[in-house]
Each structure stands twice: as structure tokens, then as C-alpha cells.
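Overview (structure and organization)
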Amino acid sequence: MSNPDILDNRDSLARLAAVIESRKPQAGGDPDKSYVARLFSKGTDAILKKIGEEATEVVMAAKDGDRARIVGEMADLWFHSLIALAAFDLKPADVLTELERRVGLPGLDEFALRKVRKRESESQSEGEEG
């Protein structure tokens, strides 16, 4: 089910993710020279806070109907989301694979399946505690 557009996007996201990976402290990222390295050095909470800020800016741009600002703010949100993925040793391909899995699956069915999986996960966790 590979779509050429998805593959092109995978390449772009993979290149950006590689740059982000190179800014991690363990890869030699210097917080004095790189915004991304500085964000990594501040830790996960700072990264997640930045995602929240960017998401809010997307919502505000959308409420204003400012298409150019929506794109710019969405780019910021995606960028910071890529940093979060890297912080958890995940790749854009992980998200794209999940999105591809969902293609053709009715949204309500997918939502119901997620609820079932969550309940199963919670019941397994409770069983491990006892």
C-alpha cells in the first residue's frame, strides 16, 4: 500500500530526523550552538511544554483562518514533535507506519479498536501488580 507521496515525505522527515538526532548530547550536540541541543539538554518536560505551546499556536492560527500562519505554526508543531520522537528513540517512520496502517480503516472502527487495546493493556498492568 506504499504511496509515492508518502515515500517522498518519509525521506524529508527522515532527513530532518537525522539532523535532530545529530543534535542530541550523546551525538555531540552543543546547547550553546544549537536550539535543538539546548532543548534536549533541558529534558523531556521542556520538549513537551514546547509541543503544547506550538499546538496552541496552531489552534489560534486556525481560529483566525490565517492559512499561511496555520502552515507556519503546523511546521513548528511537527518540528517539535520530531524532537519529542527523538527524545523517546522513535522515528518519523514509526508514525507514518501507524498512519498507513489506519488508511482504509473506518475512523469509528479504529477508535473502538484503540479503546479495546487500552482496556486490555490496563487489565494486563493490573494483573502484573497483583
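These notes cover the structure that comes with them.

So, how was this worked out
Residues numbered from 1 in each chain as written. Predicted model: local features only at pLDDT ≥ 70, side-chain atom pairs only at ≥ 80, totals over all residues. Heavy atoms only, no water. Helix = DSSP H or I, 4+ residues; strand = E, 2+ residues; numbered from the N terminus. Buried < 20%, exposed > 50% of the residue type's maximum accessible area, 1.4 Å probe, protein only. Areas by Shrake-Rupley, 256 points an atom, 1.4 Å probe, with all protein chains shown as cover. Core = buried A, V, L, I, M, F, W, Y, C linked by side-chain atoms within 4.5 Å. Contact = heavy atoms within 4.5 Å. Axes fitted to C-alpha atoms, helices over the stretch in contact; angles between N-to-C directions. Parallel < 35°, antiparallel > 145°, perpendicular 65-115°, else oblique. Nonpolar A, V, L, I, M, F, W, Y, C, P; charged D, E, K, R; others polar.

**A few points about the overall build of the chain**
For the chain, the count of helices and strands is six helices and zero strands. Going residue by residue from the N terminus, the α and β elements of the chain occur as α-α-α-α-α-α. By the burial criterion, 21% of the 130 residues in the chain qualify as buried. As displayed, the chain has an accessible area near 9,100 Å², and 56% of this comes from carbon and sulfur atoms.

**A word on the nonpolar core**
With 13 residues, the main nonpolar core has I20, V36, F40, I47, I51 and I83 as its most contacted residues. Put simply, the parts of the chain that give this core at least two residues each are α2 (35–42), α3 (44–64) and α4 (67–87). When neighbours within four sequence positions are excluded, I47 is seen to be in contact with L39, F40, H80, I83, A84 and A87.

**Focus: the packing of α2 against α3**
At a minimum axis distance of 5 Å, the contact between α2 and α3 shows a crossing angle of 120°. In terms of orientation, α2 and α3 fall into the oblique class. The segment α2 lies against α3, with Y35, L39, F40 and K42 engaging A46, I47 and K50. Taken together, the residues of the contact of α2 with α3 break down into five nonpolar, no polar and two charged.

**Some points on the environment of R23**
Along the chain, the position of R23 falls in the loop between α1 (4–22) and α2. Along the backbone, R23 and V36 are 13 residues apart, and their C-alpha atoms lie at a distance of 6.1 Å. Each residue touching R23, except ones within four places of it in the same chain, is listed here: G29, S34, V36, A37 and F40.

**Focus on unusual backbone geometry**
One non-glycine residue, D89, lies in positive phi territory at about 55°. Here D89 lies in the loop between α4 and α5 (92–102). For D89, a relative accessible area of 60% puts it in the exposed group.

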